[in-house]
Amino acid sequence: ASSQQPAGRRKNCCLAMADVFSTARWRHLRATMLLLAAAPPCGNGDSTKASVDDGGVTAAEHIVQFVDEDGDSSNFTIEKPGALRWCASRHSFGCRSLRQLSLDLRGPCRYQVTYVPPATGVMESYAIIAQPPPGPIQRQLVLRLLRLAHFAGISIVGSASIELALDGGDSTLDMFVHQPPFEFPVPFTLPAQHGNQMNQVPFYLRLPGNWSNANITGLAIVERPEDCNVCTFSAGQGHSARRLLHQIRPEAFLDVEVPRPPFALPLQATKEASCHNQTVCLCGQGIVNAFRQHAKPSSTSLSLAILGPVAYYTPPRVRFLEDVFRLGVRTFLNPGWHGNIRLLCENCSSSNRVAIHALEVDSKCRGVVQESLAAVAAASKDGQIPENVDFQGFSDNGLREVARGHSSDGTSLACLPPGHGPCTGHVEEAFSFGRPQADPSGGKEVTFTLEGKRRLMSKERQALLHHRSALCFYPVEGDPSGWLVGFLAMHMDG
């Protein structure tokens, strides 16, 4: 124990979450997660509960022991009904009876125990727990200490009492493991000389399920399934996700933005991509409801969930279309449209999509060429023409210069760029989007099919038939914006 004024106490912290990996190790993962949650099985095989009981303390819990960072050992015992005693190996501390106990967070699941003297003029003493090490086991030890203090009638203060939900909060915690596991595609981190712009982009995940009645309090990518526990988001960890504000179909999926973790695999680690254990970990209320067709709306307990592994892919490299693609639209007999677009692409896959987005056009801007340049400038400014959009052999030097950001402010253009890039929005928000005709993996080109079977509305005809449209490439469906890879002109076709 150390005898000096403790550091300022931290505020409340979040409970944590989870991640998933391969089906082959699913039973082992499940057993590991249940152990780390310190939760007995519920009997139905897919969830468990760990609770902090305000009731009696068993005989085994009448003593709590740990070693602090100074190497001193501490023992907490109930010396008599209503009295808790703290003995430390540090000679200057000895044994003291407690009237009040303070527990504070000093990091993720790293706790400090502070002796609060009963009278003024006596210096506080504190111990930062070192053994067991920070993590779920240390948290369980602190839970036992809080139970012991509560049983002895000792006043409990400090941020840890809030984090452990002993100040009147709900202390029941479910653990849910989705089976079979989902798989979440994320891009490798590119070498610095090639990927400065793309490496700043967070990961975007699409979570299948009906999230209409779920309350997500946090999501993270963890390095190992074992790290999906109540310590994942404690003490202000910066790995929580941001729920994208505009949800297309919350009854079918949820789109979230996750900070790129420091352990994200680099492009050179393609061999490690098949054997890593990085997992998506979720925390919130009503999570189980999202995956059960007939779940009761009242099933809203706080849960941790392991959803599945992240699957790394090499970011595609797409050649920008030099020629404007022309797409005929039928308006009378058999109305609709159909067209096949061929793109030169390396590392493309069946997960890729292309979409048609109408351009945001300034009424003062005259000419489709100037409209296109303004759209390119807006796309460059919004990061929608990353380094992976290739202009090799492109003859239009003016468009290429604008695409690489040399005129993104619009000062050298005849038309001011619109407020946002033309590929803003999920692929489902586009006028039309297409999938690859066949799996292009390993090839150098990919053909996408764009089709529709309805008549154009008058507003659509105004926007699409009199102006060019943006052709946008999406590496995966969950991305909130695409890459500008060309332009498309729609015309009447009978």
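Residues numbered from 1 in each chain as written. Predicted model: local features only at pLDDT ≥ 70, side-chain atom pairs only at ≥ 80, totals over all residues. Heavy atoms only, no water.

Peer 1: With reference to specific residues and values, describe the overall build of the protein.
Peer 2: Scanning the protein from N- to C-terminus turns up 7 helices and 26 strands. Looking at the 494 residues of the protein, the share that counts as buried comes to 51%. A fraction of 74% describes how many contacts in the protein between residues 6 or more apart in sequence connect residues 24 or more apart. (Helix = DSSP H or I, 4+ residues; strand = E, 2+ residues; numbered from the N terminus. Buried < 20%, exposed > 50% of the residue type's maximum accessible area, 1.4 Å probe, protein only. Contact = heavy atoms within 4.5 Å.)

Peer 1: Talk me through the confidence of the model for the protein; I want residue IDs and the actual numbers.
Peer 2: In the predicted model, the protein carries a mean pLDDT of 77, and 75% of its residues have values of at least 70. Contacts from residues 3–56, a stretch scored under 50 in pLDDT, to residues over four places away or in other chains number 163 contacts. Contacts of residues 166–172 to residues separated by more than four positions or lying in other chains number 14 contacts, the stretch itself having pLDDT below 50. (pLDDT = per-residue confidence, 0-100.)

Peer 1: Describe unusual backbone geometry, listing the residues and the values that go with them.
Peer 2: Geometrically, the link from glutamine 131 to proline 132 is a cis peptide bond, its omega value of 5° lying close to zero. The topology assignment puts proline 132 in the loop between strand S8 (125–131) and helix H2 (136–152). Omega for the bond connecting glutamine 179 with proline 180 falls within 30 degrees of zero, at 0°, which places this linkage in the cis form. Summarising the element assignment, proline 180 is placed in the loop between strand S10 (173–177) and strand S11 (184–187). Backbone geometry at asparagine 347 places phi at a positive 65°, although glycine is not the residue there. Looking at the element boundaries, asparagine 347 is found in the loop between strand S20 (336–346) and strand S21 (353–358).

Peer 1: Please set out the environment of cysteine 87 residue by residue, giving values where relevant.
Peer 2: Along the chain, cysteine 87 falls in strand S4 (residues 83–88). As a C-alpha pair, cysteine 87 and glutamine 65 span 22 residues in sequence and 9.6 Å in three-dimensional space. For cysteine 87, the contacting residues outside a window of four places in its chain are Ser73, Ser74, Asn75, Gly94 and Cys95.

Peer 1: Can you explain the nonpolar core? Please cite residues and give values.
Peer 2: Leu343, Phe473 and Leu484 are the most contacted members of the largest nonpolar core, which has 48 residues in total. Sorting the residues of this core by element identifies strand S19 (325–330), S20, S21, helix H5 (368–381), helix H6 (397–403), strand S24 (445–452), strand S25 (469–474) and strand S26 (483–492) as the ones contributing at least two each. Those residues in contact with leucine 484 that lie beyond four places of it in its chain are Phe320, Ala375, Val376, Ala379, Gln384, Ile385, Val389, Pro422, Cys423, Ala470 and Leu471. Judged by nonpolar contacts, the second largest core, of 34 residues, contains Phe93, Cys109, Leu145 and Cys283. (Core = buried A, V, L, I, M, F, W, Y, C linked by side-chain atoms within 4.5 Å.)

Peer 1: Give a description of the pattern of salt bridges that names residues and reports values.
Peer 2: Scanning the model with the defined rule gives 10 salt bridges in all. Between arginine 206 and aspartate 255 there is a salt bridge; the shortest N-O distance is 2.8 Å. One end of the pair, arginine 206, is in strand S12 (residues 203–208); the other, aspartate 255, is in strand S15 (residues 253–258), and 49 residues separate them in sequence. Given a relative accessible area of 16%, arginine 206 falls into the buried group. The partner of glutamate 477 in a salt bridge is arginine 435, and the shortest N-O contact between them spans 3.7 Å. Placement of the pair is glutamate 477 in the loop between S25 and S26 and arginine 435 in strand S23 (residues 432–436), with a sequence separation of 42 residues. With relative accessibility at 44%, the residue arginine 435 sits in the partly exposed group. Overlapping salt bridges bring together Arg206, Asp255, Arg353, Glu428, Arg435 and Glu477 as one network. (Salt bridge = Lys/Arg side-chain N within 4 Å of Asp/Glu carboxyl O.)

Peer 1: Break down the environment of cysteine 348 for me, citing the residues and quoting the values.
Peer 2: When you line up the elements, cysteine 348 lands in the loop between S20 and S21. Among the residues examined, cysteine 348 registers a relative accessible area of 4% and is labelled buried. Spatially, the C-alpha atom of cysteine 348 lies 8.4 Å from that of aspartate 439, the residues being 91 residues apart in sequence. Residues contacting cysteine 348, with those up to four places away along its chain left out, are Pro316, Pro440, Ser441, Val446 and Phe473.

Peer 1: Quick rundown of the pairing of S12? Include the residues and the values.
Peer 2: With 5 of its 6 residues buried, S12 lies for the most part within the structure. Judged from the 6 bridges that link them, S12 and S15 form a sheet pairing that is antiparallel. Within S15, the position partnered with leucine 205 by the bridge is valine 256. (Pairing = 2+ DSSP bridges.)

Peer 1: I'd like a description of the packing of aromatic side chains, backed by residues and values.
Peer 2: Enumeration over the complete set of coordinates arrives at 17 aromatic pairs. With a centroid separation of 6.2 Å and 85° between ring planes, the pair formed by phenylalanine 93 and tyrosine 115 is classed as edge-to-face. Of this pair, phenylalanine 93 sits in the loop between S4 and strand S5 (95–98) while tyrosine 115 sits in strand S7 (residues 110–115), and the two are 22 residues apart along the sequence. Accessibility expressed as a relative area gives 4% for phenylalanine 93, which makes it buried. Accessibility expressed as a relative area gives 7% for tyrosine 115, which makes it buried. For the ring pair phenylalanine 448 and phenylalanine 473, a centre distance of 6.3 Å and an interplane angle of 85° mean the geometry is edge-to-face. Remark: phenylalanine 473 occurs in strand S25 and phenylalanine 448 occurs in strand S24; sequence separation between them is 25 residues. Here a set of aromatic residues connected by ring pairs shows up, and it is made of Phe66, Phe76, Trp86, Phe93 and Tyr115. (Phe/Tyr/Trp six-rings, centres within 6.5 Å; stacked < 30°, edge-to-face > 60°.)

Peer 1: Got a sec to walk through H2? Specific residues and values, please.
Peer 2: Taking 1.5 Å as the rise per residue, H2 with 17 residues should run 24 Å; its terminal C-alpha atoms sit 24 Å apart, in good agreement. Most of H2 sits out of view: 12 of its 17 residues are buried. Turning to H2, its buried residues number three or more, namely Pro136, Gln138, Arg139, Leu141, Val142, Leu143, Leu145, Leu146, Arg147, Leu148, Ala149 and Ala152. Residue glycine 153 follows H2 closely and has a positive phi angle near 80°. (Expected span 1.5 Å × (residues − 1).)

Peer 1: Got a sec to walk through the pairing of S4? Specific residues and values, please.
Peer 2: Both faces of the sheet carry side chains from a regular strand, because those side chains alternate between them. Burial analysis of S4 places 5 of its 6 residues in the buried class, which makes it a mostly covered element. By the bridge criterion, 6 bridges tie strand S3 (residues 73–80) to S4 in an arrangement that is antiparallel. Paired with isoleucine 78 across the strands is leucine 84, a residue of S4. The turn joining S3 and S4, which pair antiparallel and follow one another in sequence, is formed by 2 residues; a positive phi near 85° is taken by glycine 82. Where S4 lies against S5, 4 bridges are found, and the strand directions are antiparallel. Within S5, the residue paired with cysteine 87 across the bridge is cysteine 95. A loop of 6 residues connects S4 with S5, the two strands running antiparallel in sequence, and glycine 94 in this loop sits at a positive phi of about 70°.

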